[in-house]
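# Examination of the molecular architecture
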Amino acid sequence: MSALVDAADLRAELAQPSPPVVIDVQWVLTGAQGPSGRERYAAEHLPGAAYVDLDAELAGPPGPRGRHPLPDPQVVAAALRRAGVDQDSRVVVYDQGPSFAAARAWWVLRWVGLQDVRVLDGGLSAWVEDGGPTTAEVPVAGAGAFTARPGSLPVLDADAAAKVARTGTLVDARAAERFAGLSEPIDPVAGHIPGAVNAPTTDNARPDGRFLEPAGLREHYSRLGIGTASAPVGVYCGSGVTAAHALLAMHEAGIDAALYVGSWSEWITDPARPVATA
């Protein structure tokens, strides 16, 4: 079943008697130019959408486990309850597009045990383009009853990621120049995990930020030998955010994969771990 919903279908669902809970996770990389995700939310969001902060609520504090390590499950649960989420709620998450943060939210919410989570394909920009209404009004905090069940999805640590690189396919979802070690604008060491293959996240989507059709995604990953065998598949990026976008793309293509949450920013904290370039 697809984990994506387009703007027109979401508008129809929100008009029904029992609409899904909508969560805004607009986000920009720390240090990036322009307004923060919270500032973007304050300026414009879907009516009734609560804001959840990726850095503070969908990730733990940066450190030896990476820039966006696994969050405290109770912090996630509290954010979901504030948004009005119960154990059996249907939830739709979105960002401003192209769904990098929304994909991270989709993964984290399922990791803590929420069953029905989808992503607004194309994000807020697609919603506005389709004529959907927006507001700056912040809804009253909800009183959901969600209880976290962490570990509901498989997670790779550094050792497991290295094993997948040897026995299956470990996908590096960063840009080609970062994978090759030619450029590293964020982390202090350039390169990639030995044995990994490069499949930049940007190849999963159209120029407007919407995902490719499932057939196109299957073809894209099959050219890399992904999804054509029963060997394990793992995904990483710089800090476990854009890798979630690749996981979502693989989900749409019918490929099972596990996230190395710590990703490159954790891998390089141990100088004994090898680094490959080119």
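Details of the structure are given in the entry above.
Report follows, based on the coordinates. (Residues numbered from 1 in each chain as written. Predicted model: local features only at pLDDT ≥ 70, side-chain atom pairs only at ≥ 80, totals over all residues. Heavy atoms only, no water.)

Bringing the packing of aromatic side chains into the picture now. Scanning all chains against the criterion turns up 3 aromatic pairs. Residues Trp107 and Trp111 carry aromatic rings whose centres are separated by 6.2 Å and whose planes lie at 10° to one another, so their mutual orientation is stacked. Note that Trp107 and Trp111 are positioned in helix 5 (residues 100-111) at a spacing of 4 residues, about one turn of the helix. The ring of Trp267 has Arg273 sitting right over it, with the charged end atom 5.8 Å from the ring centre. (Phe/Tyr/Trp six-rings, centres within 6.5 Å; stacked < 30°, edge-to-face > 60°. Helix = DSSP H or I, 4+ residues; strand = E, 2+ residues; numbered from the N terminus. Lys NZ or Arg CZ within 6 Å of the ring centre and 35° of its normal.)

Here we take up the sheet that holds strand 1 (residues 4-5). What the 5 strands build is an open sheet, ordered 1-5-4-2-3; its pairing is parallel. Bordering the open sheet on either side are strand 1 and strand 3 (50-51), each of which pairs with just one other strand. The pairing of strand 4 (residues 90-94) with strand 5 (residues 116-120) spans 4 bridges and is parallel. Opposite Arg90, over in strand 5, you have Asp116 as the bridge partner. (Pairing = 2+ DSSP bridges.)

Read across the open sheet, the 5 strands follow the order 6-10-9-7-8; overall the sheet is parallel. Each of the sheet's edge strands pairs with one partner strand only, and the pair in question is strand 6 (155-156) and strand 8 (197-198). By the bridge criterion, 2 bridges tie strand 6 to strand 10 (residues 258-260) in an arrangement that is parallel. Of the residues in strand 10, the one forming a bridge with Val155 is Leu259.

With their axes 7 Å apart at the nearest point, helix 5 and helix 10 (residues 242-253) run at an angle of 75° to one another. The pairing of helix 5 with helix 10 is recorded here as roughly perpendicular in orientation. Within the contact between the two elements, helix 5 uses Phe100, Ala103, Arg104, Trp106 and Trp107 and helix 10 uses Thr242, Ala244, His245, Leu247, Leu248 and His251. Here the residues of the contact of helix 5 with helix 10 are counted per class, giving 7 nonpolar, 3 polar and 1 charged. (Axes fitted to C-alpha atoms, helices over the stretch in contact; angles between N-to-C directions. Parallel < 35°, antiparallel > 145°, perpendicular 65-115°, else oblique. Contact = heavy atoms within 4.5 Å. Nonpolar A, V, L, I, M, F, W, Y, C, P; charged D, E, K, R; others polar.)

Here the focus is the pattern of salt bridges. Here the idea is simple: oppositely charged side chains can pair when their charged atoms come close. For the structure on display, the rule yields 14 salt bridges. In this structure, the salt-bridge partner of Glu184 is Arg174, at a minimum N-O distance of 3.4 Å. Of this pair, Glu184 sits in the loop between helix 8 (176-179) and strand 8 while Arg174 is found in the loop between strand 7 (169-172) and helix 8, placing the two residues 10 residues apart along the sequence. Here Arg223 ties to Glu219 by a salt bridge, and the two come within 3.4 Å at their closest N and O atoms. Salt bridges here are not isolated pairs; linked through shared partners, they connect Arg67, Asp172, Arg174, Arg178, Glu184 and Asp187. (Salt bridge = Lys/Arg side-chain N within 4 Å of Asp/Glu carboxyl O.)

Right, let's talk about the pairing of strand 7 for a bit. Along strand 7, one buried face is formed by Thr169 and Val171 and the opposite face, lined by Leu170 and Asp172, is buried too. Relative to strand 9 (residues 233-236), strand 7 is paired through 4 bridges, and the arrangement is parallel. When the sheet's bridge partners are listed, Thr169 is paired in strand 9 with Val233. (Buried < 20%, exposed > 50% of the residue type's maximum accessible area, 1.4 Å probe, protein only.)

In contact at an axis separation of 8 Å, helix 9 (residues 214-222) and helix 10 are set at 110° when each is read in the N-to-C sense. Taken together, the axes of helix 9 and helix 10 lie roughly perpendicular to each other. In this structure, helix 9 uses Pro214, Leu217, Arg218 and Tyr221 to contact helix 10, whose residues at the interface are Ala246, Ala249, Met250, Glu252 and Ala253. When the residues that make up the contact of helix 9 with helix 10 are grouped by side-chain class, the tally is 7 nonpolar, no polar and 2 charged.

Residues Ile23, Val85, Val93, Trp106, Trp107 and Leu109 are the most contacted members of the largest nonpolar core, which totals 56 residues. At the level of elements, strand 2 (21-24), helix 4 (73-82), strand 4, helix 5, strand 5, helix 9, strand 9 and helix 10 are the ones that each hand at least two residues to this core. Considering every element that reaches this core, the biggest residue donor is helix 5, with 9 residues. In contact with Ile23, other than residues within four places in its own chain, are Ala50, Val52, Leu80, Ala83, Val85, Val91, Val92, Val93, Tyr94 and Leu109. Grouped together as the second largest cluster of nonpolar side chains are 16 residues, Ala161, Ala258, Trp264 and Ile268 included. (Core = buried A, V, L, I, M, F, W, Y, C linked by side-chain atoms within 4.5 Å.)

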